[in-house]
Amino acid sequence: MFLGVHVSISGKIYESVDRAASLGCSAMQIFSRNPRQWRQLEIDARDAVEFRKRRREEGIGIVAIHVPYLINLATSYDVLYKKSIATYMEDMREAALLGAEYVVTHMGSYKNSTLPQGLKAFIAAVNEILAGTKGLGVQLLLENTAGSGSWLGATFDHHRKIFEGVKDRHRLGVCLDTAHVFEAGFDVRRPEIFDILLAEIERKTCPGAVKVVHLNDSLTPLGSHNDRHQHIGKGLIGLRAMRHIVNHPKLREAAFILETPKETPRSDEINLSKVRKLMQMNHGL
Ligand SMILES: [Zn+2]
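Residues numbered from 1 in each chain as written. Predicted model: local features only at pLDDT ≥ 70, side-chain atom pairs only at ≥ 80, totals over all residues.

Colleague: Explanation requested: the environment of Arg-240 in the structure shown.
Modeller: Take Arg-240: it is sitting in helix H8 (residues 239–246). Sequence-wise, Arg-240 and Pro-191 are 49 residues apart; in three dimensions their C-alpha atoms are separated by 8.9 Å. (Helix = DSSP H or I, 4+ residues; strand = E, 2+ residues; numbered from the N terminus.)

This is the structure:
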């Protein structure tokens, strides 16, 4: 069981480890670059060594890298598609340089095209990325989405098709975002629905597929298709469901990473402490 938050990469890349460590995290997530910009300052090899050293010293067991929102591997626009694939490969190489376990990605949008074409484009892109980054020990995690517009990934049938179409599928996994899944229409407030959902994900992808859980409460209602994260226990999913999720036996090896709002400097600390209490409550039973 690993627990952590998404932390900023401002300053030197290894300072992100200090931010996670100061919150007592055993997992962390960072953006590979400014999430809304293509331009990339290459990571200095010495900084990467320092990142790995600090991470080891601080006992951060899992590092996930989130790719920028601009990347769209399902697009029908040729220029954007090619640029997205090239940028993604850069991010995979940098993730390996930093010793990260996972690269997390949204599955793209097929706007101005069709769902089958979007899936086909995404599968071809992932095959190209994995072929171009052979030998790197970084796993690519497909995150589910809230299902707004033409975004892929609001149903796990999309994941199934991708797993079927990708050659190196042992390098694929799933990142389950609890807010997105609720917003997509799965009523995870009910424990039995969450259990069914996890079984469905495994059936459609592979056993033990969920490597990372983005643990977020939702500000918007069930099935709203509107992606708005909320503090743990303050949203419409609620603490009872969160307790079931964080203690789920199928998720013992997973990393729980919060992407909750950072309204005050203490927001992360408060949300993390709520999750720790939920985990302890269960152990006390
Ligand atoms: Zn997420």
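Colleague: Can you help me understand the pairing of strand E7 (residues 210–215) in this one?
Modeller: Regular strands show a simple pattern: their side chains alternate between the two faces of the sheet. Counting buried residues in E7 gives 6 out of 6 residues, a clear majority hidden from the surface. Pairing of E7 with strand E10 (residues 255–258) involves 4 bridges; the strand directions are parallel. From the neighbouring strand, Val-213 faces E10, where its bridge partner is Phe-256. (Buried ≥ 20, exposed ≤ 12 C-beta atoms within 10 Å, placed from the backbone. Pairing = 2+ DSSP bridges.)

Colleague: Can you walk me through helix H1 (residues 15–22) in this structure?
Modeller: An α-helical turn contains 3.6 residues, so any two residues separated by three or four positions project in the same direction. All buried positions along H1 are accounted for by Ser-16, Val-17 and Ala-20. Buried residues along H1 cover an arc of 100° about the axis, so they all sit on one side. Residues of H1 that are buried sit in contact with strand E1 (2–6), strand E2 (27–31) and helix H2 (45–57). Gly-24 lies just past H1 and shows a positive phi near 70°. (Arc of directions from axis to C-beta. Contact = placed C-beta atoms within 7 Å.)

Colleague: What should I look at first to understand the environment of His-229 in this one?
Modeller: Position of His-229 among the secondary structure elements: in strand E9 (residues 229–230). For His-229, a count of 22 C-beta atoms within 10 Å corresponds to the buried category. On a C-alpha basis, the gap between His-229 and Met-1 in space is 22 Å, while along the polypeptide they are 228 residues apart. When residues no more than four places from it in sequence are discounted, the contact partners of His-229 are Ala-179, Asn-216, Leu-219, Glu-259, Thr-260 and Pro-261.

It is worth stressing that arrangement in space is one thing and function is another; only the former is reported here.
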